[in-house]
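Below, each chain spelled out in residue letters.
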Amino acid sequence: MPDLKIAAIAGSLRRDSHNRWLLAASQELAPEGLTLDLISLDTVPLYNMDLESDYPVAVQEMKDRVIASDGVLFAVPEHNYSYSGVLKNALDWGSRPYGKSCWDGKPVILQSAAAGFMGGGRAQYHLRQVLGYFSMKQMYFPEVFVGASHTKFDAEGKLTDEMAREAIRKQLSAFRDFILGGRA
Ligand SMILES: Cc1cc2nc3c(=O)[nH]c(=O)nc-3n(C[C@H](O)[C@H](O)[C@H](O)COP(=O)(O)O)c2cc1C
């Protein structure tokens, strides 16, 4: 079984981010043959074209790790019925300079944890439009939406909701097959 590496990015800078915790749960629940490389956006600056001539180290590192990956997992906070500005900023950086995008053609899956009962569904579907522009290979099902997320983790940030844990298991296992199938 080949060891597939997944670049896992949460679109939140919050220390106790539920979306960061989703990625921690995914790391724990990943099937054999799939490992997650957790990429933090903490030091990624706001996008500014002036910085492209002296590329920020944190951005270059993010891009290199995404390019070296076999696929991407975004954990998507829902902000005002869309995905977070933090995530959009990272997407914009990764797409530059023109023609040197790190996202191009990468297999991708989404997860979201949100306070509302929709579990971030609106954010995910907004995001998918942009991922289509990047020609990312989107796996649509199984989906992972964790609604009322403040009730789904314990004080240490462990995902305690068994339905959500099972959804993650199923999604990651399907993603492994999706990537391997796409290579045939
Ligand atoms: C600016 C802002 C807008 C938000 N808008 C929504 C929303 O549209 N739908 C929703 O379910 N939760 C919304 N929330 C609540 C987030 O789902 C909640 O804060 C969640 O924990 C954010 O993810 P994080 O913990 O990974 O940072 C919003 C939060 C913020 C800060």
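Now for a look at the structure at hand. Computed from a predicted structure; not experimentally measured.

1. Side note on the overall build of the protein chain
Step number 1: Looking only at helices and strands, the protein chain has 5 helices and 8 strands in total.
Step number 2: When the helices and strands of the protein chain are listed from N to C terminus, the series reads β-α-β-α-β-β-β-α-β-α-β-β-α.
Step number 3: Over its C-alpha trace the protein chain gives a radius of gyration of 16 Å, about what one expects of a compact globule, namely 16 Å for 184 residues.
Step number 4: Counting only C-alpha atoms, the protein chain reaches 45 × 40 × 30 Å along its principal axes.
Step number 5: Here the analysis covers contacts within the protein chain between residues at least 6 apart in sequence; of these, 78% occur between residues at least 24 apart.

2. Here's the deal with the packing of helix H2 (residues 57-67) against helix H3 (residues 85-94)
Step number 1: Put simply, H2 and H3 touch, their axes get as near as 10 Å, and they point 75° apart. As judged from the angle between their axes, H2 and H3 are roughly perpendicular. Counting all contacts with H2, which are made through Val59, Met62, Lys63 and Val66, the residues of H3 involved are Ala90, Trp93 and Gly94.
Step number 2: The residue makeup of the contact of H2 with H3, split by class, is 5 nonpolar, 1 polar and 1 charged.

3. Description of the environment of Tyr133
Step number 1: In this fold, Tyr133 is placed in helix H4 (residues 121-133).
Step number 2: Between the alpha carbons of Tyr133 and Ala114 there is a distance of 25 Å; along the sequence they are 19 residues apart.

4. Notes on the site of the ligand
Step number 1: Near the ligand there are 14 residues, and of these Ser12, Ser17, Asn19, Ala114 and Gly116 occur at the shortest range.
Step number 2: For the shell around the ligand, the elements supplying multiple residues, two or more each, are helix H1 (18-29) and strand S4 (78-79).
Step number 3: Grouping the amino acids of the shell around the ligand by side-chain chemistry returns 4 nonpolar, 8 polar and 2 charged.

5. Some points on H4
Step number 1: Taking 1.5 Å per residue, 13 residues should reach 18 Å; H4 reaches 19 Å between its end C-alpha atoms and fits that length.
Step number 2: Residues of H4 that are buried include every one of Ala123, Gln124 and Leu127, and no others. For H4, the angular spread of the buried residues around the axis is 90°, confining them to a single face. Seen from the buried face of H4, the exposed residues on the opposite side, beyond 90 degrees, are Gln129, Gly132 and Tyr133.
Step number 3: On its buried face, H4 is in contact with strand S3 (71-75), S4, strand S5 (82-83) and strand S6 (107-113).

6. Structural notes on H3
Step number 1: For H3, every residue scored as buried is listed here: Val86, Leu87, Ala90, Leu91, Trp93 and Gly94. Take H3 and look down its axis: the buried residues cluster within an arc of 165°, on one side only.

7. Focus on the nonpolar core
Step number 1: In this structure, Ile6, Ala8, Leu22, Leu73, Phe74, Val76 and Ala90 are the most contacted members of the largest nonpolar core, which totals 49 residues.
Step number 2: Sort the elements by how many residues they give to this core and strand S1 (residues 4-10) lands first, with 6 residues.
Step number 3: Once residues within four sequence positions are removed from consideration, Phe74 is found in contact with Ile9, Gly11, Leu87, Val108, Leu110 and Leu127.

8. Re unusual backbone geometry
Step number 1: Following Arg96, the chain continues into Pro97 via a peptide bond in cis, with omega recorded as -10°.
Step number 2: Positionally, Pro97 belongs in the loop between H3 and S6.
Step number 3: Each neighbour pair has its own omega, and for Phe141 with Pro142 the value is -5°, a cis peptide bond.
Step number 4: Among the structural elements, Pro142 can be located in the loop between strand S7 (137-138) and strand S8 (144-146).

9. What about the environment of Phe145?
Step number 1: Inspection of the secondary structure assignment puts Phe145 in strand S8.
Step number 2: Residue class for Phe145 comes out buried when judged on the 22 C-beta atoms lying within 10 Å of it.
Step number 3: The spatial distance from the C-alpha of Phe145 to the C-alpha of Met118 is 7.3 Å, given a sequence separation of 27 residues.
Step number 4: With residues up to four places along the chain from it excluded, the contact list for Phe145 reads Ser112, Met118, Gly119, Gly120 and Gly121.

What counts, and at which threshold
Residues numbered from 1 in each chain as written. Predicted model: local features only at pLDDT ≥ 70, side-chain atom pairs only at ≥ 80, totals over all residues. Helix = DSSP H or I, 4+ residues; strand = E, 2+ residues; numbered from the N terminus. Rg over C-alpha atoms; globule rule 2.2 N^0.38 Å. Contact = placed C-beta atoms within 7 Å. Axes fitted to C-alpha atoms, helices over the stretch in contact; angles between N-to-C directions. Parallel < 35°, antiparallel > 145°, perpendicular 65-115°, else oblique. Nonpolar A, V, L, I, M, F, W, Y, C, P; charged D, E, K, R; others polar. Near = placed C-beta within 6 Å. Expected span 1.5 Å × (residues − 1). Buried ≥ 20, exposed ≤ 12 C-beta atoms within 10 Å, placed from the backbone. Arc of directions from axis to C-beta. Core = buried A, V, L, I, M, F, W, Y, C linked by C-beta atoms within 7 Å.

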